[in-house]
Every structure is written in structure tokens, then in C-alpha cells.
Amino acid sequence: MMSAKRSLRQGWLILQLLLAACFSQAAELVCSQNGDLESPQLVKDGDVMLGGLFSFHNNWKEREETYTEKPLPLQCTSLNFREFQLAQAMLFAIEEINNSSDLLPGVSLGYKIYDTCGFNARSVKVALALLNDYENVSAPSKECGRPAQVQAIMGEASSSPSTAIATVIGPFFIPMISHFATCACLSDKSKYPSFLRTIPSDYYQSRALAQLVKHFGWTWVGAVRTNDDYGNSGMATFTETAQHLGICLEYSVSFFRTDPADKIQKIINTIKASTSKVIVAFLSQADMDVIIHEFSSHNLTGYQWVGTEAWIFDFQTAAGDRNHILDGAVGLSIPKAHVSGLPEFILNVEPLFSSNNDLFTEFWETLFSCEFKPSYSVEIKTRCTGQEDLTGVENTFTDMSLMPIFNNMYKGVYAVAHALHNILSCNQTCDGNAQLDPLTILHQIKEIYFKTKEGDEVYFNENGDPAAKYEIINWQRRDNGPVEFAVVGLYDASLPEDRQMDVHIESIVWAQNSPMMPVSVCSEKCPPGKRKVLQKGKPVCCYDCLHCAEGEISNSTDSVTCVRCPLESWSNENRDACIKKEAEFLSYNEIMGSLLTAASLFGTCMTVAVAVIFVAHRNTPLLRANNSELSFLLLFSLKLCFLCSLTFIGQPSEWSCMLRHTAFGITFVLCISCVLGKTIVVLMAFKATLPGRNVMKWFGPTQQRVSVLGFTLIQVIICILWLSISPPFPSKNFEGFKDKIILECSLGSAVGFWAVLGYIGFLAVLCFICAFLARKLPDNFNEAKFITFSMLIFCAVWITFIPAYVSSPGKFSVAVEIFAILASSFGLLVCIFIPKCYIMLIKPEKNTKKNMMGKGALK
């Protein structure tokens, strides 16, 4: 109980202390700067202040912090002359605007410029210093919301510090205009609302690089990138575009210049083990120097390099390539530019030295390789006088190859000036009472459009990016002299896609000064007639080439699939074109068709010859005893049977298809009906000789004609129904042969076809039964024996026809049907009529009534 009261009393005391602290802070809230002061390296007062962020140093000394005392200020190393040139370009533009009577008359621009040392944390720190007063004072709370010290910030050159700075100053809408930060991520206005740039986004450069690689036919490449926002974002866009264009990356490695040696060694080993001959380098200029050094150490040459604007047009990079690692490199660069008066202004370094800043003392000593104070270093240097002249000095600072980048800085400053000119309603003079709001300035910059004195158009799209235009650069070294940055093409993203890239391949000098374009593919292209089959576990650019299957073709190089030919076509031997299939049918011109035609005509002639013999001997006892009327009708039907086989030969047509089956069915029924009639007559004649039988009066000549007509009429009705419901028609059979079209007659109704054949078979079986019953008649009535034998042949032929017809392909099925017609017709003709012709022509002595009657007695 006592411990509970003690806890309650302690809680009440703590609450009182907190309330007292709150009320004391509310009484006087002040704004104060924490941390070390950041003084600008260059300052000039003006009515409107601009900020500048430059990496005058590109490296720093690493320290191990003990976390027991306050860290020392960052110690920057390695002067970067390029950034001094860019700072001079900014000062040149400001001075030119201040001296102009047309732009911001009566308003002077000032500047505050900081050195970021290439360190992201320092970049953010000095950017915040530009937004705040750098004097370390305390102020009442009402002063905490005072306006920013600068109205716009120029820089940074790199993408990673630019993203960090843009993230911090974005909520304040302070315009930040970069001249060289190309990361596509910076186009995202939801994250970086106040960021603009005068250099195209890497979104366009990455896509252009992928299209350039594709244009040269390289589908198997390696990639090296700087491990920062610039390299990672640019390579991501390149990889995505490359995949759409069918380009594969054998490897994609990243590093930063401060990485340990073992990591860089792993990258070198990866490149050594690769088979691709093209390397796409999305690297900063400083990281490219590291790669050149490593390649030189390992004597790696012969690679075709593809580069970005960061190093492809850099004199310092070219000068450092003493082992010709990058000879023949191609890449994209900002179009050449010229700003009158700027080169002379950059080389006028006396104002920089007169700033009395330690940085520019270091700059002067490095530029002229001298020193103001003697040192105890091993290298002996001359004493600096401060009156040194740049005449005859050749180094990075005197190189003007990056004038397009300087021009970007120049255009950025002018963009801010034009926006201020509009806000201040400047004409002869400017409105001094106008309030400069960062958001208003930002909107005005986004809306401006003007031309520089050199005629360059300046404007920004909705993402704060300029129009994307690049020159295609080729490193060409002549006779071991300096590298010439030859322009071999142009890329303009504003044009239609098929006209964006214009490359003069014949003007390019390739790796190792070769006139021949290198080849970098995982697999050779598949020629027409073959298709690509991916290799298991490898990228899509690695494949095998397989022949297209029969009936399929590929008529283009690197075809993924083979296309099946249309039904009426077939692939040629090379499988690269479809050729029209040969139409096949039983024709009169081929041997088989000719033989069957000859057999048909021979059977017809033979039938006519028998008919002539029968006409000549029509009054002889033999014919009178064998029903001459049915014999002549049978000969007529046999002639039609022989002739109807001709309708099966030749190219099928609509009429021939209907005629061949119906003519065949009707003529054969007429033939079998006649044979059946003769059989019945023979059978009745025998029965009539028996005592008390008079059956012939029931099957006289009239009844015979009616029976033949009746049997035939049934077949006619079947054929009419067949033709009316679903008649035969010409068709193309694509299944029998792969490379041929079988022209044939489709049955239409299979029921109709088999009904015709079935009816013929029924009559043939009936005829065979009747003839079989009459087989034991006396010799003078032995025609039944011949009919029985002929029916055996007929039935045997048509029974074997069915399986042969079904199994025979194409035109052979037609030949089987013709053969069955001819064989059964010859069987009837030979078995029934040849024995009679033999008696009439060879044995006329047996053709007498006496002989016929003499053999009529029953035994």
C-alpha cells in the first residue's frame, strides 16, 4: 500500500516537470542552426540569388569514426577540372544576363556555389544551406518560415546526389535544374516535383542504345554499369527494351569506383569467361577510368564497346586509354554546341583565384603544377606566382570537348532568368514589388519557351525533360594519334519510330580499327526452312536450328515457328516455300488409264462382234432355243457396262460423278435382270416338259420383258432418290498423300451407293440360286451351267472388290472399281456367249434342230 502511494507521488512530480518545460519553450521558441557552418566556395550578392552545387572534388578521405567525439569535417580529395568548367559556365550565363538590357533589366543575379565533393550526404547538407541562412543566429519563431536564400539551384551533375537533393527540396518547390543528371527516375514528378533538367532522360538514351545494338545485329551482349541511380536505372530501361527487341544479356554487373579490388576482379573474371564480344557500358566517367585501368592490367582487348553520354565524348577518358581498349567504341552523345564567348570566359581563371578561397588556391596549384608554399614532398614543384598563363597548357581544364554539357548549364540559367522576367513583368524595367514565390517560379520555368543566342530551343515537357536528341559517336584513332570523336549518325526521339535512328555504318571504324562489323550472337541465325528451338536453361538468344517438318515452311530468318502450308500446297525440299500440290486422278494419258480404256473398248468391240454373230445366226436352232430376245438385250447391257467404265476415267466433274455411279448401277441391274430372265426361262422350259405342267404360259416373252423392266425400274428409283437427296460430287482428298491432291468423286450419300451395290448383289445372288437349281438340266439346256459359272465369277469379283476398294488410296480405288466392272462384264460375256459362238462358228454341225432335240431325252 505504501509503495503504491510512493509511485503515484513520483508520477505527479514528473508531470509537473513536463508541463513546466512545455510552457517555458512556448514562451520563447527560436530557430537555431545545429552542426558546423557550411560556407560557399563562391559568393556574389544580387537582387535574386541562384544556388550552385558542383563536385569540385570527386573523392574524399575515409575515416573510421569512434562515436566518442564529434566527427571532423569531410576532407575532400581529387580535384575535378570538369566541375570548375561547369561553374565557369554558370558564372558566364549570370554575367551575360546581368549585362543584358533585354532580360531582367535592372535586376541583378547573384550566386552561392558549394563544393559537394561527390558525396551524397554533403550534397544534401549544402543544399539545405542554400535554402537557409548560413549565419548561425537564433531568431524568434516568426522568422522560422522566412523565404529561401536562393530562388533556384543549378546542379548536380550526377543522378544519385540529384535524387537525394530533389527529395529534400521537393516539398519546398525550389526549382532544381540539372545539366547532366540523366536518371529516368527523376522524371517522376510525384517524387521529385521541383526537378528539371536540360539533358534528355536516360529513358530515351537507354531505348536508343538498345535500338542501336539491334541495328548492328548484336543479340548477345554483356553489360557493365555504375552502381548508383544513374547506372542501375539506365540499365534497367536498357534491359527491358533489349528484351522486347530480342537482345539477350550474357551478364550484367555493377560496381562503384570505391569498391574493393576483389569485387572488381570478379567482374573482370566474368567478362573473361563470356562469349559475347560487345559490352554496353552505362558508366560514369570516373568509373570508366577504373575499367580502362583494369582492362589494361589484364590485357583485355578486342571488345566492341557501346557507351553513354557520360564518357563517350570525354577527352579525359580518351586520353587515359593508352592501350586502345576503347578504340572503335560507339555510343550516344549530346549534339555538339557552341556558345560564343564561353570558352574564353572559362579559361579566364584569374577571378577564381582572386576569391581568396583555399579551394581555388589548390585549383591554381594543380592547374599549373606549382605551389605557393614550399612543401617537403618528393616531387619538386615550381613556386606559384599567381601570374601564370594558360597558354600552352593542355589538360582537362583547357579541353572544350564537353561544350554540349556547358551549354546545358548555360540554358538552365537562362531558363530561370526568363521565368523571373515573366514573373517580374519586365519590360523596360521590372516590378520590384512582385513577390518571388518558389512555386510560381517553378510553374513559370515549366512553361517557358525561348531560343538562345545560338538558336537552340529551350523548353520542358510535363516531366521537366527536354527533347531527346543524340549524336551517334564513333571513336576513330588515326595512326596512333589522338582519338577523333566522329559523328556517324543521329537519333531523334521526336520523329516516328521508323525514322528515329539514322546511322552511316560505312563510316564506322570498329574495335581494333577493323573495317568489318563484329558479330556477337549466342547462336547463328536460322536460315529459311528452319525454326529456332531454345536451348534448355539458356536465354532466348541461345537456340538450335531444326528443319521444318514436312508440309511446313519458314520463309524468314530466325523464324520461331514453322507455318503449315495451305491444304492445296506442300513444302518444297528446302522447306522455305509452299508449292502447289500435284492434282492426281485417273487420266487417259497415264499407262493404267490407257490400259483400262483399252480393255473397256476391247470389251465393247467384243460385245458388238458377238452381237453381229448372233444377228447372223439368229434363225439357227441354238439361238431360237436360248431366247434370242433376252440374249440381244443382255449384249446391249454388257456393251453399256463396258462403256460406263469410261466415265470413271478423267478429271471428276459434277456431271461425271453423278453419271458414273448411276450408269454403272442401272446398266449392271439391266444386265443381271437379263441373266436372271434367261435363267428363269431355262428353268421354266425344263419344268414345262414334265407331264401336266404348263408353266411357260406364266413366263412368256411379255412377262420376261416386264420382269427385266421391273427389276431395272427399282434401280432407277434408287438412283433418282440418291441423286435427289445427296448426289455424288467432285471433291479434293488431302489425306491420302502428303504432297498430292486426289481429285475424286465423293459418294454424297453412302447409303445410296451401298443401296445400289446391294441391289445388284441381291439380283446376282438370286440369279446364282436359280442357275444353281437348273445346273442338272439335260445337255441341250446346259446354258444354266454357264450362267452359274458366270455368276460365280461375278460374285467373286464384287466380293473381293469391297475390301480392295476401301483399302486402295487415291486413284487406285477408281481403278479397282473399273477393274471390277470390266472383270464381271468379261465374265458374263465369256461364260454365256463364247460357248454359243464356238458352236455357231467352229461346230456348226451341232447347231441343228435334230441335234438339239436328240439330246433332249431324259436319262
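What you see is a predicted model; the values in this text were computed from it and never measured. (Residues numbered from 1 in each chain as written. Predicted model: local features only at pLDDT ≥ 70, side-chain atom pairs only at ≥ 80, totals over all residues. Heavy atoms only, no water.)

### Quick word on the packing of aromatic side chains
So, point 1. Applying the stated criterion to the full structure yields 32 aromatic pairs.
So, point 2. Ring centres 6.1 Å apart and planes at 80 degrees place the aromatic pair Phe 295 and Tyr 303 in the edge-to-face group. Each member of the pair, Phe 295 together with Tyr 303, is buried.
So, point 3. Aromatic ring contacts, followed pair by pair, group Phe 54, Phe 56, Phe 81, Phe 84, Phe 360, Phe 363 and Phe 397 into a single cluster. (Phe/Tyr/Trp six-rings, centres within 6.5 Å; stacked < 30°, edge-to-face > 60°. Buried < 20%, exposed > 50% of the residue type's maximum accessible area, 1.4 Å probe, protein only.)

### Observations concerning the packing of helix H2 (residues 81–98) against helix H13 (residues 403–423)
So, point 1. With their axes 9 Å apart at the nearest point, H2 and H13 run at an angle of 35 degrees to one another. Viewed along their axes, H2 and H13 form a crossing whose handedness is right-handed. Of the residues in H13, those touching H2 at Gln 85, Leu 86, Ala 89, Met 90, Phe 92, Ala 93, Ile 94, Glu 96 and Ile 97 are Ile 405, Phe 406, Met 409, Tyr 410, Val 413, Tyr 414 and Ala 417. (Axes fitted to C-alpha atoms, helices over the stretch in contact; angles between N-to-C directions. Helix = DSSP H or I, 4+ residues; strand = E, 2+ residues; numbered from the N terminus. Left-handed = near helix turned anticlockwise from the far one by under 90°. Contact = heavy atoms within 4.5 Å.)

### A closer look at the confidence of the model for the protein chain
Predicted coordinates in regions of low pLDDT should not be interpreted in detail.
So, point 1. Of all residues in the protein chain, 87% have pLDDT values of 70 or greater, and the mean over the chain is 84.
So, point 2. A low-confidence stretch, residues 1–28 stays under pLDDT 50, and its non-local contacts, those more than four residues away or across chains, total zero contacts.
So, point 3. In the model, residues 855–859 has pLDDT below 50 throughout and makes five contacts with residues more than four positions away in sequence or in other chains. (pLDDT = per-residue confidence, 0-100.)

### Details of the pairing of strand E13 (residues 278–282)
So, point 1. The element E13 is largely enclosed, with a buried count of five among its five residues.
So, point 2. Residues Val 278, Val 280 and Phe 282 line one face of E13 and the alternating positions Ile 279 and Ala 281 line the opposite face, and both faces are buried.
So, point 3. Of the strand pairs in this sheet, strand E11 (residues 220–226) and E13 are connected by four bridges, and their pairing is parallel. Bridged to Ala 223 within E13 is Val 280.
So, point 4. Bridge count between E13 and strand E14 (residues 304–307): four bridges; the pairing is parallel. Of the residues in E14, the one forming a bridge with Val 280 is Val 306.
So, point 5. Note that the unit made of E13, helix H8 (residues 285–297) and E14 has a crossover that is right-handed. (Pairing = 2+ DSSP bridges. Right-handed = clockwise from strand over helix to strand, strands pointing away.)

### Let's talk about helix H22 (residues 811–841)
So, point 1. Maximum bend of H22: about 40 degrees, positioned at Phe 833, with proline Pro 835 one to four residues after it.
So, point 2. In terms of residue burial, H22 counts as a mostly covered element, since 23 of its 31 residues are buried. (Bend = angle between axes of the 7 residues up to and from the residue.)

### Some details on the nonpolar core
So, point 1. Ranked by internal contacts, the top residues of the largest apolar core, which has 71 residues, are Phe 84, Met 90, Leu 104, Phe 363, Phe 397 and Val 413.
So, point 2. Taken together, the elements giving at least two residues each to this core come down to strand E3 (48–54), H2, strand E6 (109–115), strand E8 (152–154), helix H10 (342–347), helix H12 (358–368), H13 and helix H14 (438–447).
So, point 3. With 13 residues, the single largest contributor to this core is H13.
So, point 4. If sequence neighbours within four positions are ignored, Phe 363 has contacts with Leu 79, Phe 81, Phe 84, Val 349, Leu 352 and Phe 397.
So, point 5. Judged by nonpolar contacts, the second largest core, of 66 residues, contains Phe 642, Ala 663, Phe 664 and Ala 820. (Core = buried A, V, L, I, M, F, W, Y, C linked by side-chain atoms within 4.5 Å.)

### Concerning empty space enclosed by the protein
So, point 1. A complete count under the given rule lists two cavities of 30 Å³ or more for this structure.
So, point 2. Of the volumes computed, that of the largest cavity is approximately 60 Å³.
So, point 3. Residue lining of the largest cavity: 14 residues in total, with Phe 585, Leu 586, Pro 652, Leu 743 and Val 814 positioned closest to the centre.
So, point 4. Taken together, the elements giving at least two residues each to the lining of the largest cavity come down to strand E31 (740–746) and H22.
So, point 5. Here the lining of the largest cavity takes four residues from E31, the largest share from any one element.
So, point 6. Tallied by class, residues from the lining of the largest cavity come to eight nonpolar, two polar and four charged.
So, point 7. The calculated volume of the second largest cavity comes to roughly 40 Å³.
So, point 8. Considering the residues around the second largest cavity, the lining is formed by Glu 309, Phe 313, Ser 333, Ile 334, Leu 402, Pro 404 and Ile 405.
So, point 9. Taken together, the residues of the lining of the second largest cavity sort by class into five nonpolar, one polar and one charged. (1 Å grid on protein atoms, 1.4 Å probe; cavity = no way out; pocket = protein on both sides within 12 Å on 5 of 7 lines; lining within 4 Å. Points joined across faces, edges and corners; volume = space filled by probe spheres on them. Nonpolar A, V, L, I, M, F, W, Y, C, P; charged D, E, K, R; others polar.)

### So, the state of the cysteines
So, point 1. In this structure the tally under the stated criterion is ten disulfides.
So, point 2. In this model, Cys 370 is linked to Cys 384 through a disulfide, with the two sulfur atoms separated by 1.8 Å. Handedness here is read from the sign of the S-S torsion; for Cys 370 and Cys 384, about 105 degrees, the answer is right-handed. With Cys 370 in strand E16 (residues 370–371) and Cys 384 in the loop between strand E17 (382–383) and H13, this residue pair connects regions lying 14 residues apart in the sequence. Taken as a pair, Cys 370 and Cys 384 share a single burial class, namely buried.
So, point 3. Here Cys 657 pairs with Cys 745 through a disulfide, and the sulfurs are 1.9 Å apart. Between Cys 657 and Cys 745 the disulfide shows an S-S torsion of about -80 degrees. By sign, it is left-handed. With Cys 657 in helix H18 (residues 654–688) and Cys 745 in strand E31, this residue pair connects regions lying 88 residues apart in the sequence. For the residue pair Cys 657 and Cys 745, the accessibility class agrees, reading buried in each case.
So, point 4. Among the cysteines around Cys 641, which has no disulfide bond, Cys 671 carries the closest sulfur, lying 4.8 Å off.
So, point 5. Classification of Cys 641 as buried rests on a relative accessible area of 1%. (Disulfide = S-S within 2.5 Å.)

### Description of the side chain of Ser 206
So, point 1. Tracing the chain through its elements places Ser 206 in helix H5 (residues 202–215).
So, point 2. What makes Ser 206 buried here is its relative accessible area of 0%.
So, point 3. Excluding its chain neighbours within four sequence positions, the residues that come into contact with Ser 206 are Gly 234, Thr 237, Phe 238 and Phe 282.

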